[in-house]
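If you want the building blocks of each chain, they are given just below.
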Protein chains: 2
Amino acid sequence: MESMKIEYRRQWHYGGFLAQIGDQRESLILSDALTAIFKPSHSPSHSGSHPNPQSPLSSGFHRATGQTRSAAEIMSGKPIAKDIKLRVAAEISRMKAAIGRLPGLAMVLVGYREDSHAYVHIKLKACNEVGIETSIVQLPQDCTQDRLIDVVSSFNSNPSVHGIIVQLPLPEHLDEETIINFVSPEKDVDGFHPLNMGNLALRGREPLFIPCAPKACIELLLRYHVEIIGKNAVVIGRSKIAGLSTSLLLQRHHATVSTLHSFTNNPEQITRRADIVVSDVGIPNIVGCNWLMPGAVVVDMGTNSVKDPNSPRGFRTTGDVCYEEAIKVVSAITLVPGGVGPVVISMLLSNTLDSAKRAYGFT
Amino acid sequence: MESMKIEYRRQWHYGGFLAQIGDQRESLILSDALTAIFKPSHSPSHSGSHPNPQSPLSSGFHRATGQTRSAAEIMSGKPIAKDIKLRVAAEISRMKAAIGRLPGLAMVLVGYREDSHAYVHIKLKACNEVGIETSIVQLPQDCTQDRLIDVVSSFNSNPSVHGIIVQLPLPEHLDEETIINFVSPEKDVDGFHPLNMGNLALRGREPLFIPCAPKACIELLLRYHVEIIGKNAVVIGRSKIAGLSTSLLLQRHHATVSTLHSFTNNPEQITRRADIVVSDVGIPNIVGCNWLMPGAVVVDMGTNSVKDPNSPRGFRTTGDVCYEEAIKVVSAITLVPGGVGPVVISMLLSNTLDSAKRAYGFT
């Protein structure tokens, strides 16, 4: 209550609601590593200097949400991920040449889960591509909480480790909250530590790490020239991994954010008013075309396995959004797979590089 | 992305969007101190056992937002604040009798500001009423950051101090963020430390302290039997003191929250769809009746001084909402002054008691 007015350094105007000084002074969050490597062309003044002119991202089309177009743009994450990986690799080479050090990422796995091992495999492969050293500790399914904390502690104090990932979900007998609290905030490359989450929520503060999924979402939007500032954004879902943190990051980018969840009544009505729709539900095809405003931009974070007898693996991966319906209505939409996913992995590499540069004071 | 589906333990249904198991297991946040003292009658099963049958709050009217009524209910904070103070005082007496200890609140003031001193005076008076010991350190306007940190450090290590308030705003040359980070999260009765804010944002976690303004807002709604779960709530403003933290807390109570700010286009349109409107703007009368849905519930957190030659002080305090207009449309509205304000102060007392009980292991 008190000093609330002082908090509002900006001036609000009747009718116009124009933003003044206060908000303008804030910098939009992008990871230091990323901004050090390149500046996404999110303002017209940057659009001529896109770092990857061969990519489909350099069309220079300035997307205005809320307008219908003849054909929807397909937002692929692969060229973005490739571009970021190249830049991370170059930066690691520069660091190695200058100070003889490499970034190190440590992963802890408990028990065996098909999906967790698949994700770890993808991360290992990506780290290898860019030159990040990795350590993996795998503990048995019935390991004690103390043993897991021991492992995390040893990574916390290991100066060659700059990022620590505890692969979630953990078995039921382990307390995820306690374990995540134990990861040093300086090595929390997942960005799930409450200190980093709090600094993400609080405007004017910079978390050491932003979770990879929301960072990937914003990066996709910026690279595809989607305006965020002042737009109505709906985030469906509120997991810390994606939904919650994406709501917070979109708000930092001055979108007007509504967060929908399982208690929301008539979610399709609210979603239909959104310029930008981000889905983090985990139910295949839940978002149909009757949920979407013509011309909306859709970022589908769902990664759902559905049975598919025609696939050699017996299943295929699909998003939350009914792509076939949505494509007729929206102005842009991400692929699943191949949309947000690859960018998420590249953000992990970027966060790890960031952490190593901080640890070594390398700029 | 990964393990997103596991994050969604609850089941979402097409059409119905019914909440299942997962969310139901979460407890709605209310401060430990408050729930230890009383349980607000926010569910029908509690409505018969309201702790204060003499108060105007015990009408048992179960407000359904979104419905018009013949006359709006005026939500006064005074009887709620009085009730909470009585309960805090009784609990402090019990603690004193049992272990011979009292809660202690420390306040740090830098320089002289009329409004800051007025707030400190109100807090001192309230602490005195319930039996909380207080210490105040006032530093000169030009004090150094190191000196201020010294003072905070000494309160951090003083076992008789259970709550520390650094009165905001600080003079420009002091870094508010650094100072707030320095307050021990265990004594952060304002709830502004990023660790506490992060734990407020993250579902399933309990911050040690919730900021007083959002706690007061929820308490008012619960005491006046306003349903929150599943309702469309709009919070206008995003200060950490009120707007941001109220958005986070309303979301913890399973409202569908949209947060509006200076970059929002057509805020009145979005606000008109809200069952619950919380205003934290700092501009007198900015929210008129054309911003409000008939039957909406309005919590006005604005505290604005406007010139008034008829007042002996030359000014009067008014909210963000044009009360005279709103009263014709809404189903319930808070007073300004006398609405959220008194409850905020009582929440500070409650947070301080909470902290002392934790420090002494007193239950």
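Residues numbered from 1 in each chain as written. Chains lettered and ligands numbered in written order. Predicted model: local features only at pLDDT ≥ 70, side-chain atom pairs only at ≥ 80, totals over all residues. Heavy atoms only, no water.

When its secondary structure is counted, chain A shows 13 helices and 11 strands. Evaluated residue by residue, chain A yields a buried proportion of 59% over its 363 residues. Long-range contacts, defined here as pairs at least 24 residues apart, represent 71% of the contacts in chain A between residues at least 6 apart. Carbon and sulfur atoms make up 52% of the accessible area of chain A, which amounts to about 14000 Å² in all. (Helix = DSSP H or I, 4+ residues; strand = E, 2+ residues; numbered from the N terminus. Buried < 20%, exposed > 50% of the residue type's maximum accessible area, 1.4 Å probe, protein only. Contact = heavy atoms within 4.5 Å. Areas by Shrake-Rupley, 256 points an atom, 1.4 Å probe, with all protein chains shown as cover.)

So, about the interface of chain A and chain B. For interface size, the figure often reported is the accessible area lost on association. Listed per partner, the contact involves 82 residues of chain A and 81 residues of chain B. Roughly 7300 Å² is buried in total at the junction of chain A and chain B, and carbon and sulfur atoms are behind 59% of that figure. If you look at where chain A meets chain B, you find zero salt bridges. Linking chain A with chain B are 17 residue pairs in polar contact (both at pLDDT 80 or more). The element contributing the most residues to the side of chain A that touches chain B is helix α8 (residues 194-201) of chain A, with six residues. Split by residue class, the side of chain A that touches chain B holds 40 nonpolar, 27 polar and 15 charged. (Buried area = accessible area lost by both parts, 1.4 Å probe. Salt bridge = Lys/Arg side-chain N within 4 Å of Asp/Glu carboxyl O. Polar contact = N/O pair within 3.5 Å; in protein donor to acceptor, adjacent residues only side chain to side chain. Nonpolar A, V, L, I, M, F, W, Y, C, P; charged D, E, K, R; others polar.)

Because an α-helix completes one turn every 3.6 residues, residues spaced three or four positions apart along the sequence face the same direction. All names here are of chain A. Taking 1.5 Å per residue as the helical rise, helix α4 (residues 78-99) with its 22 residues ought to reach 32 Å, and the 31 Å between its terminal C-alpha atoms agrees with that figure. Where α4 is concerned, the buried positions are Pro79, Ile80, Ala81, Asp83, Ile84, Arg87, Val88, Ala89, Glu91, Ile92 and Met95. Immediately beyond the C-terminal end of α4, within one or two residues, lies Gly100, with a positive phi of roughly 70°. (Expected span 1.5 Å × (residues − 1).)

Note on placement: Asp188(A) falls in the loop between α7 (176-182) and α8. Buried and without a salt bridge, Asp188(A) has Arg205(B) as its closest oppositely charged side chain, separated by 8.8 Å. A distance of 3.2 Å separates the side chain of Asp188(A) from the backbone nitrogen of Phe192(A), its partner in a polar contact. (Lys, Arg positive; Asp, Glu negative; His and termini not counted.)

This next bit is on the pattern of salt bridges. All names here are of chain A. Taken as a whole, this structure holds 20 salt bridges over all chains when the rule is applied. When the shortest N-O distance is used, the salt bridge between Lys357 and Glu91 registers 2.7 Å. Taken as a pair, Lys357 in helix α13 (residues 340-360) and Glu91 in helix α4 lie far apart in primary sequence, 266 residues in all. With respect to class, Lys357 is no different from Glu91; both count as buried. A salt bridge links Glu176 to Lys240; the shortest N-O distance between them is 2.7 Å. Taken together, the residues span a long stretch of sequence, with Glu176 in helix α7 and Lys240 in the loop between β5 (232-236) and α10 (243-252) at a distance of 64 residues. Taking the relative accessible area as the measure of exposure, Lys240 reaches 10% and is therefore buried.

Let's shift gears to the nonpolar core. Among the nonpolar cores identified, the biggest contains 112 residues, and Leu221(A), Leu250(A), Leu221(B) and Leu250(B) are the most heavily contacted of them. In contact with Leu221(B), other than residues within four places in its own chain, are Val226(B), Ile228(B), Leu250(B), Ile276(B), Val297(B) and Val299(B). (Core = buried A, V, L, I, M, F, W, Y, C linked by side-chain atoms within 4.5 Å.)

A few words now on the relation of the copies chain A and chain B. In screw terms, the move from chain A to chain B is a rotation of 180° and a rise of 0.0 Å along the axis, fitting with an RMSD of 0.0 Å. Both chain copies can therefore be described as sitting about a two-fold axis. Of all interface residues in chain A, 99% are interface residues in chain B too; the two copies therefore contact each other through one and the same surface. (Least-squares fit on C-alpha atoms with pLDDT ≥ 70 in both.)

What follows deals with the sheet that holds strand β3 (residues 133-139) of chain B. All names here are of chain B. Taken together, the three strands give an open sheet; going across it, the order is β3-β2-β4, and neighbouring strands pair in parallel fashion. Of all the strands in the sheet, the pair left with one neighbour each is β3 and β4 (163-166). For this sheet, the mean angle separating the axes of adjacent strands, direction not counted, is 15°. As defined by bridge partners, strand β2 (residues 104-110) adjoins β4 across four bridges and the pair is classed as parallel. (Pairing = 2+ DSSP bridges. Axes fitted to C-alpha atoms, helices over the stretch in contact; angles between N-to-C directions.)

All right, on to the environment of Arg358(A) then. All names here are of chain A. Mapped onto the elements of the fold, Arg358 is located in helix α13. Classification of Arg358 by relative accessible area gives partly exposed; the value is 35%. Remark: the alpha-carbon pair of Arg358 and Leu208, spanning 150 residues in sequence, is separated by 9.7 Å.

This part takes up helix α10 (residues 243-252) of chain B. All names here are of chain B. Buried residues dominate α10, accounting for 10 of its 10 residues. Buried within α10 we find Gly243, Leu244, Ser245, Thr246, Ser247, Leu248, Leu249, Leu250, Gln251 and Arg252. Phi for His254, located one or two positions after α10, is positive at around 65°.

Right, let's talk about the sheet that holds strand β4 (residues 163-166) of chain A for a bit. Residue and element names in this part refer to chain A. Pairing in this open sheet of three strands is parallel, and the strands run β3-β2-β4 from one edge to the other. Bordering the open sheet on either side are β3 (133-139) and β4, each of which pairs with just one other strand. The mean inter-strand angle of the sheet, taken between neighbouring strand axes irrespective of direction, is 15°. Both strand β2 (residues 104-110) and β3 contribute to a ladder of seven bridges, which runs parallel. Note that in β3 the partner of Val108 across the bridge is Val137. Set on the sheet, helix α5 (residues 114-130) makes contact with β2, β3 and β4; between it and β2 the angle comes to about 170°.

Further remarks concern unusual backbone geometry. For the peptide bond that leads from Leu168(A) to Pro169(A), omega is 0°, which places it in the cis range. Following the sequence through the fold, Pro169(A) ends up in the loop between β4 and α7. That bond from Val336(B) to Pro337(B) is cis: its omega, -5°, falls within 30 degrees of zero. With respect to the helices, strands and loops of the structure, Pro337(B) is situated in the loop between β11 (332-334) and α13 (340-360). Of note in this structure, Asn285(A) is not a glycine but carries a positive phi near 60°. Following the sequence through the fold, Asn285(A) ends up in the loop between β7 (276-279) and β8 (297-300). Phi is positive for His254(B), close to 65°, though the residue is something other than glycine. Note on placement: His254(B) falls in the loop between α10 and β6 (256-260).

Here the focus is a positive patch on the surface. The grouping of Arg272(A), Arg273(A), Arg272(B) and Arg273(B) at the surface amounts to a positive patch. Tracing the chain through its elements places Arg272(B) in the loop between α11 (267-271) and β7 (276-279). On the basis of relative accessible area, Arg272(B) is assigned to the partly exposed category, the value being 36%. (Patch = residues over 30% accessible without salt bridge, like charges linked within 9 Å, V, L, I, M, F, W, Y side chains within 5 Å. Charge placed at Lys NZ, Arg CZ, Asp CG, Glu CD.)

This part takes up the environment of Leu202(B). For Leu202(B), the location among the structural elements is in the loop between α8 (194-201) and α9 (212-223). Sequence spacing of Leu202(B) and Leu248(B) is 46 residues, and the spatial spacing of their C-alpha atoms is 8.9 Å. In contact with Leu202(B), other than residues within four places in its own chain, are Phe192(A), Pro194(A), Met197(A), Lys240(A), Leu244(A) and Arg252(B).

All names here are of chain B. The geometry of helix α5 (residues 114-130) relative to α13 is characterised by a closest axis approach of 10 Å and an angle of 55° between their N-to-C directions. Between α5 and α13, the interaxial angle falls into the category oblique. Relative to α13, α5 is oriented so that their crossing is right-handed. In this structure, α5 contributes Ile122, Lys123, Ala126, Cys127 and Val130 to the contact, and α13 contributes Ile345, Leu348 and Leu349. Grouping the amino acids of the contact of α5 with α13 by side-chain chemistry returns seven nonpolar, no polar and one charged. (Parallel < 35°, antiparallel > 145°, perpendicular 65-115°, else oblique. Left-handed = near helix turned anticlockwise from the far one by under 90°.)

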